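These are the residues of each chain, in order.
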Amino acid sequence: MKRIVVFTGAGISAESGLSTFRDHGGLWDKYPIEEVATPEAFDKNPQKVLDFYNLRRDLVANAQPNNAHKALVKLAQYSELNIITQNIDDLHERAGSKKVLHLHGEITKAKSSIRESLKYEIGTQAIALGDTCEMGSQLRPHVVWFGEPVPMMDEAYKIAAQAEVFIVVGSSLNVYPAAHLTEQLPLNCKCYLIDPNAHDFEKDRFEKIADKASVALPELVGKLINSL
Ligand code: NAD
């Protein structure tokens, strides 16, 4: 079966009602990124950081997978599919996808703020100040903040290095090291990029599809399945 890798960003969940990083209005204006998504922010004002992620967890819990998430479940029936996502939401899993690698963590998990390996499933539950891991340290969301290492990056490189088809959906490709993945693909890999602003990307080897994920991805999946 053909090895297909799909790299998703905030844009794939936009039509499920979860705003992207660069959307104006609402969440991202109220909580500037440097005040909520860095280790320094958590040291300075942990309550504000926890509030922000508790709010995001609620929004995710109330969102539903859209036709783009669902199209990938179908594609997995006809290919060896791996999804590498920058998203912390669980919409790929709730759509039914199995092989999903979260580069930037998962909002449905908490972790110890002193030991990375101590992780806890919390589902839709909020994290409060005073909630601690078994070593007694404050719990934080299991997300990778700006300035922190991305532990799953090596695994992602390995997966991308095997790709015969690589599809980017809804990522500005502005967040590193995640965006480096698009620079490390095999020479003979066929590459697609789905984004309403696809033509603004300087990515010559990618076939650009300038449309919303919920429209463009099911169409591309149909085309790929017919050609497999
Ligand atoms: P980004 O916000 O930088 O870029 C989103 C991209 O999606 C843009 O290029 C935009 O044109 C495109 N887009 C908007 N609507 C779309 C649609 N309907 N269909 C297809 N594309 C659409 O997102 P990023 O590159 O993922 O980087 C942002 C960072 O913030 C990531 O690290 C991510 O973890 C995080 N983030 C995650 C979520 C989530 O989990 N749902 C939401 C916001 C931000």
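This one's a predicted model, so the numbers in the text were calculated from it and none came from an experiment.

Draft legend 1. Focus on the site of the ligand. Every one of the 28 residues lining the ligand counts as a neighbour, but Arg22, Gln86, His104, Ser172 and Asp195 are closest to it. One of the side-chain nitrogen or oxygen atoms of Asn197 is found 3.2 Å away from an oxygen atom of the ligand. Between Ala213 and the ligand, the recorded distance is 2.9 Å, taken from a backbone N or O atom to a nitrogen atom. Isolated, the ligand exposes 850 Å² of accessible area, and the fraction of that covered by the protein chains is 90%. More than half of the atoms of the ligand fall within 2 Å of the grid points belonging to the largest pocket. A per-element tally of the shell around the ligand places helix α1 (residues 11-14) first, with three residues. For the shell around the ligand, a count of residues per class yields ten nonpolar, twelve polar and six charged.

Draft legend 2. How the structure looks around the packing of aromatic side chains. In total, this model carries six aromatic pairs according to the counting rule given. Geometrically, the ring pair formed by Phe21 and Phe146 is stacked, given 5.7 Å between the ring centres and 10 degrees between the ring planes. In this pair, Phe21 is assigned in the loop between α1 and α2 (27-30) and Phe146 in the loop between β6 (139-143) and α8 (153-161), connecting sequence segments 125 residues apart. Ring centres of Tyr53 and Trp145 lie 6.4 Å apart, and the angle between their planes is 45 degrees; this geometry places the pair in the tilted category. With a gap of 92 residues between them, Tyr53 in helix α5 (residues 46-62) and Trp145 in the loop between β6 and α8 connect regions that are remote in the sequence. Residue Tyr53 is classed as buried on the basis of its relative accessible area, which comes to 4%. Under the relative-accessibility criterion, Trp145 is labelled buried at 2%. Every member of this aromatic cluster is reached through a ring pair, and the members are Tyr31, Phe42, Phe52, Tyr53 and Trp145. The ring of Trp145 carries the charged tip of Arg140 above its face, separated from the ring centre by 3.7 Å. Directly above the aromatic system of Tyr192 lies the positively charged group of Lys190, at a separation of 5.0 Å from the ring centroid.

Draft legend 3. Highlighting the sheet that holds β6. A sheet is described by the order of its strands in space; here three strands give the open sequence β5-β4-β6, paired in antiparallel fashion. Because the sheet does not close on itself, it has two edges, and the strands there are β5 (119-121) and β6. Neighbour-to-neighbour, the strand axes of the sheet open up by a mean angle of 45 degrees, direction not taken into account. Sheet topology places strand β4 (residues 105-112) next to β6; five bridges connect them, and they run antiparallel. Following the sheet pairing, Ala110 is matched in β6 by Pro141. The strands touched by α5 are β4 and β6; relative to β6, the strand with the most contacts, the crossing angle is about 50 degrees.

Cut-offs and rules
- Residues numbered from 1 in each chain as written.
- Predicted model: local features only at pLDDT ≥ 70, side-chain atom pairs only at ≥ 80, totals over all residues.
- Heavy atoms only, no water.
- Near = heavy atom within 4 Å.
- Polar contact = N/O pair within 3.5 Å; in protein donor to acceptor, adjacent residues only side chain to side chain.
- Areas by Shrake-Rupley, 256 points an atom, 1.4 Å probe, with all protein chains shown as cover.
- 1 Å grid on protein atoms, 1.4 Å probe; cavity = no way out; pocket = protein on both sides within 12 Å on 5 of 7 lines; lining within 4 Å.
- Sits in = over half its atoms within 2 Å of the grid points.
- Helix = DSSP H or I, 4+ residues; strand = E, 2+ residues; numbered from the N terminus.
- Nonpolar A, V, L, I, M, F, W, Y, C, P; charged D, E, K, R; others polar.
- Phe/Tyr/Trp six-rings, centres within 6.5 Å; stacked < 30°, edge-to-face > 60°.
- Buried < 20%, exposed > 50% of the residue type's maximum accessible area, 1.4 Å probe, protein only.
- Lys NZ or Arg CZ within 6 Å of the ring centre and 35° of its normal.
- Pairing = 2+ DSSP bridges.
- Axes fitted to C-alpha atoms, helices over the stretch in contact; angles between N-to-C directions.
- Contact = heavy atoms within 4.5 Å.

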